[in-house]
Amino acid sequence: MSLLRINDEAPNFTADTTQGTIDFHEWVGDGWAVLFSHPKDFTPVCTTELGTMAGLESEFARRGAKVIGLSVDPVSSHGKWALDIEETQGHKVNYPMIGDPELKIAKLYNMLPADAGTTSDGRTAAANATVRTVFVIGPDKKIKLQLSYPMTTGRNFDEILRVLDSMQLTAKHKVATPANWKNGDDVIIAGSVSDEEAKLKYPHGFRTVKPYLRIVAQPE
């Protein structure tokens, strides 16, 4: 089982979800997608994460990105958990949740080892602790980002939005975003762009800190 890396194709799968059976690549379509995984239903940190993501779903939709969750439990359990999430977090989960009771997708995405078994029955959240990864998948079905978190640290979904803004901007323009960049901040001109091309592209000018570090206002 080879490890997944950025720019690898996101493995396709067919799975049951809280909104019916999906073919993952067909579900992604020609937009972006965020797949985030959980080790078990009815776990405290994950409850807050799913609720937070439910509150932010419209922000992802505004960026042309679909949201889908995965937990190593059956879909029937997800539906009951969703009631707790809405009650405690104040947001209804409207995005699909994938059931992975046979651990197939967790293994496919290298979140569990091949010898982890074939059932979620009897497995604890601790046994599934590595099933806590966020994958951002592009319109080309390739993995653009993957972030793995420990069980005790809730994920920062504002950061996922920030990275999505950066990736969509840099896919459209020959720029990169510096450390701690936020939408609207200055950006870095890509190294593939010559000074002559940059002068034509940015007639209002840019700032050369070093020959390899040229700063310009974010393109519209």
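In short, a report on the structure. (Residues numbered from 1 in each chain as written. Predicted model: local features only at pLDDT ≥ 70, side-chain atom pairs only at ≥ 80, totals over all residues. Heavy atoms only, no water.)

1. Digging into the environment of I85
Within the secondary structure, I85 is located in helix α3 (residues 75-89). For I85, a relative accessible area of 2% gives the class buried. When the C-alpha atoms of I85 and P44 are compared, they prove to be 9.8 Å apart, with 41 residues separating the residues in sequence. Residues within four places of I85 in sequence aside, it is in contact with T47, L50, G51, G90, H91 and V93. (Helix = DSSP H or I, 4+ residues; strand = E, 2+ residues; numbered from the N terminus. Buried < 20%, exposed > 50% of the residue type's maximum accessible area, 1.4 Å probe, protein only. Contact = heavy atoms within 4.5 Å.)

2. Details of the packing of aromatic side chains
Aromatic ring pairs are described here by two measures, namely the spacing of the ring centres and the angle between the planes. Scanning all chains against the criterion turns up 7 aromatic pairs. Ring centres of F36 and F157 lie 5.5 Å apart, and the angle between their planes is 70 degrees; on these two criteria the pair is classed as edge-to-face. In this pair, F36 is assigned in strand β3 (residues 32-38) and F157 in helix α5 (residues 157-172), connecting sequence segments 121 residues apart. The exposure class of F36 is buried, given its relative accessible area of 0%. (Phe/Tyr/Trp six-rings, centres within 6.5 Å; stacked < 30°, edge-to-face > 60°.)

3. Considering unusual backbone geometry
Residues other than glycine seldom take positive phi values, yet K141 does so here, at roughly 70 degrees. By the element assignment, K141 lies in the loop between β6 (133-137) and β7 (143-148). K141 sits in the buried class, given a relative accessible area of 16%. Despite not being glycine, N180 shows a phi value in the positive range, around 60 degrees.

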